[in-house]
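Breakdown of the fold
What follows is the residue order along each chain.
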Amino acid sequence: VQLQAFGGGLVQAGGCLRLSCAASGRTFSSYAMGWFRQAPGKEREFVAAINWSGGSTYYADSVKGRFTISRDNAENTVYLQMNSLKPEDTAVYYCAASRSNIPPLDYWGKGTQVTVSS
């Protein structure tokens, strides 16, 4: 599966953004999907994940209550709605997929930059 994330940008603290990740292939609905992020000088970290049906979601403690992951299997797309953004959310955000693992680590897309100004 090939993944392409988009929707990043520059936003003020307290603002919101929605990231999208479009997947190729006809088996998107069989993959668990997730979002990760990497800030400058830091390791890549898990943000959120969703199972194949969308019935189960998982979040890092740092984003719980502010971010929401969802998916549209008919559109082969997974979303990350980010609200109440903080400067510490600034990072390159990556989407990822896996047939069997959560968090998904098998397939990666190119990242999209999110910058939150204070």
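This text goes with the structure placed above it.
Positions within a chain are numbered from 1, following the residues in the order the chain's sequence is written. Residue-level local features of this predicted model are given only where pLDDT is at least 70; pairs of side-chain atoms are given and counted only at 80 or more, and the full residue set underlies all totals for whole chains, interfaces and linings. Heavy atoms from the whole structure form the basis of all side-chain values; hydrogens and water molecules are not counted.

**What about the sheet that holds strand β3 (residues 17-23)?**
How we decide: For two strands to count as paired, DSSP must find a minimum of two bridges between them. By the criteria applied, helices consist of DSSP H or I runs no shorter than four residues and strands consist of E runs no shorter than two, each listed in order from the N terminus. Only the stretch in contact is used when fitting a helix axis, every axis being a line fitted to C-alpha atoms; angles between N-to-C directions are given from 0 to 180 degrees.
Reading across the sheet, the 4 strands line up as β1-β3-β8-β7 and stay open at both edges, with antiparallel pairing between neighbours. A strand with exactly one partner marks an edge of an open sheet, and here the two such strands are β1 (3-6) and β7 (67-72). On average, adjacent strands in this sheet sit at an angle of 15 degrees to one another, irrespective of strand direction. Summarising the sheet, β3 and strand β8 (residues 77-82) pair through 6 bridges and their orientation is antiparallel. Following the sheet pairing, L17 is matched in β8 by M82.

**Details of the state of the cysteines**
Rule in force here: Any cysteine sulfur atom paired with another within 2.5 Å is treated as part of a disulfide. Summary of the burial criterion: residues with accessible area below 20% of their type's maximum are buried, those above 50% are exposed, and those between are partly exposed, where the area comes from a 1.4 Å probe applied to protein chains only.
Summed over all chains, the structure comprises 1 disulfide. Across the disulfide, C21 is cross-linked to C95 (sulfur-sulfur distance 2.0 Å). Here the S-S torsion is close to 55 degrees, and the disulfide linking C21 with C95 is therefore right-handed. Residue C21 is located in strand β3, and its partner C95 is located in strand β9 (residues 91-98); the two are separated by 74 residues in the primary sequence. Assigned by exposure class, C21 and C95 land together as buried. With no disulfide of its own, C16 lies 20 Å from the sulfur of C21, the closest cysteine sulfur.

**Some details on unusual backbone geometry**
Residue I102 is joined to P103 through a cis peptide bond whose omega torsion reads 5 degrees. Despite not being glycine, N76 shows a phi value in the positive range, around 55 degrees. Secondary-structure assignment places N76 in the loop between β7 and β8. If you check the backbone angles, S84 has positive phi at about 50 degrees while not being a glycine.

**As for the packing of aromatic side chains**
Note the cut-off: Two aromatic rings from Phe, Tyr or Trp, using only the six-membered ring of Trp, form a pair when their centres are within 6.5 Å; if the ring planes differ by under 30 degrees the pair is stacked, by over 60 it is edge-to-face, and anything between is tilted. Only lysine NZ and arginine CZ atoms are considered, and such an atom sits over a ring when it is within 6 Å of the ring centre and within 35 degrees of the ring normal.
Enumeration over the complete set of coordinates arrives at 3 aromatic pairs. Plain terms: the ring middles of Y31 and Y107 are 5.9 Å apart, the flat faces sit at 80 degrees to each other, and that makes the pair edge-to-face. Here Y31, found in the loop between β3 and β4 (32-38), pairs with Y107, found in strand β10 (residues 107-108); they are 76 residues apart in sequence, far enough to count as distant. A relative accessible area of 5% means that Y31 is categorised as buried. Aromatic side chains F36 and F46 sit 5.7 Å apart centroid to centroid with 75 degrees between the ring planes, which places their arrangement in the edge-to-face category. Taken as a pair, F36 in strand β4 and F46 in strand β5 (residues 45-50) lie far apart in primary sequence, 10 residues in all. Exposure remark for F46: the relative accessible area of 24% places this residue in the partly exposed category. One aromatic cluster in this structure is built from F36, F46 and W108. The cationic tip of R44 hangs over the ring face of Y94; the distance from NZ or CZ to the ring centre is 3.8 Å. The side chain of R44 reaches across the aromatic face of W108, ending 4.7 Å from its centre.

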